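Fold and geometry: a report
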Amino acid sequence: MSDRRKFLKTSGLIGLSTLAAKLMGEEKISALEKLGEQENSGKSFTLPKLPYSYDALEPFIDKQTMEIHYTKHHQAYVDKLNALPSGNIDFSTDDATKCSNIDKSTSAIIRNNLGGHYNHSLFWQLLKPNSENKTNLPGGKLASAITKEFKSYEEFKKEFSEKATKVFGSGWCWLILQNGKLKITTTPNQDNPLMNIEGNEKGKIIMALDVWEHAYYLKYQNKRADYITNWWNVVNWEKAEELFNTQ
Ligand SMILES: [Fe+2]
């Protein structure tokens, strides 16, 4: 290549770079550079391994729903988080702390996708197979605390089911520990009780129920109450007790 052509090519690239900076703004260029750093740093979100097979919760939660819920919906929250420019997420903290740092000033994309990822990661752990349809009840200190707070397990189950059924649109129903007391609460969309959102009941999460239509519509269609009735058969009480006991 002649010196003249080399000069024209180099000056052309510099000109393009200057033009891009002017068009996109220095901040966007910087964000793109940081995105490259993030890709190289290995700091990213991953889909946690499902602790059972897609059909393990049959007949209460069907295989197709589980597969789509996990590989499409949960994966999408993970992918959207990983597509964010570096600097938007503080990777020095665990995911629970990341959620507790969310407030009304947090962007919707982070609030929704971080919540989506955290809530589903917990939801999978709080389910367990029960193909033989054995009686599924809490035990230990959690069972005692439920009876103390709600008078009986049946009363607790009734209140939880009613609140979960009444969530308007998409959301979650939770059992939380708030100032040492068990409480049932709900959140819209992918919010959770760790977030600093006005009107949010805050507390340590003990149980989680996803009542988005994607969690049940293939099998139950519009009958959310039937999904909830069957969900009680596959609650992982051992995990709930573990969460309760590590308060
Ligand atoms: Fe979901």
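**Examining the overall build of the chain**
Regarding its fold elements, the chain presents 10 helices and three strands. Secondary structure of the chain in N-to-C order comes out as α-α-α-α-α-α-α-β-β-β-α-α-α. Here the chain, with 247 residues, has 41% of them falling under the buried criterion. By sequence separation, contacts in the chain at least 24 residues apart represent 69% of the contacts at least 6 residues apart. A total of about 13,700 Å² of accessible surface is found on the chain, and carbon and sulfur atoms cover 52% of it.

**Observations regarding the coordination of the iron ion**
The iron ion binds to the protein through His69 (NE2), His120 (NE2), Asp210 (OD) and His214 (NE2), with metal-donor distances spanning 1.9 to 2.1 Å. Its four donor atoms give the iron ion angles of 91 to 132° at the centre, a pattern that matches the tetrahedral case. Donor residues for the iron ion, ordered by position in the chain, follow H-x50-H-x89-D-x3-H. In this pair, His120 sits in helix H5 (residues 108-125) while Asp210 sits in strand S3 (residues 204-210), placing the two residues 90 residues apart along the sequence. Its relative accessible area of 0% is what places His120 among the buried residues. Under the relative-accessibility criterion, Asp210 is labelled buried at 0%.

**Points about the confidence of the model for the chain**
Considering every residue of the chain, the mean pLDDT works out to 87; 83% of them sit at 70 or more. Low pLDDT, under 50, characterises residues 1-41; the predicted model gives this stretch 20 contacts beyond four residues in sequence or across chains.

**Notes on the pattern of salt bridges**
In total, this model carries nine salt bridges according to the counting rule given. With a closest N to O distance of 3.1 Å, Glu242 and Lys239 form a salt bridge. One end of the pair, Glu242, and the other, Lys239, are both in helix H10 (residues 237-245), three residues apart, so they sit about a helical turn from each other.

**Some words on the sheet that holds strand S1 (residues 171-178)**
As summarised here, the arrangement of the three strands in space is S2-S1-S3, forming an open sheet in which the pairing is antiparallel. The sheet terminates laterally at strand S2 (181-188) and S3, the two strands that pair on one side only. On average, each strand axis in the sheet is tilted by 20° relative to the strand beside it, whichever way the strands run. Of the pairings in the sheet, the one linking S1 to S3 comprises six bridges and is antiparallel in character. What sits directly across from Cys173, in S3, is Leu209. Across the sheet, H10 is in contact with S1, S2 and S3; its angle to S3 comes to roughly 150°.

Definitions and limits used
Residues numbered from 1 in each chain as written. Predicted model: local features only at pLDDT ≥ 70, side-chain atom pairs only at ≥ 80, totals over all residues. Heavy atoms only, no water. Helix = DSSP H or I, 4+ residues; strand = E, 2+ residues; numbered from the N terminus. Buried < 20%, exposed > 50% of the residue type's maximum accessible area, 1.4 Å probe, protein only. Contact = heavy atoms within 4.5 Å. Areas by Shrake-Rupley, 256 points an atom, 1.4 Å probe, with all protein chains shown as cover. Donors = N, O, S within 2.8 Å, 3.2 Å for Na, K, Ca; no water. Tetrahedral: all angles 85-135°; square planar, octahedral: opposite > 155°, others 65-115°. pLDDT = per-residue confidence, 0-100. Salt bridge = Lys/Arg side-chain N within 4 Å of Asp/Glu carboxyl O. Pairing = 2+ DSSP bridges. Axes fitted to C-alpha atoms, helices over the stretch in contact; angles between N-to-C directions.

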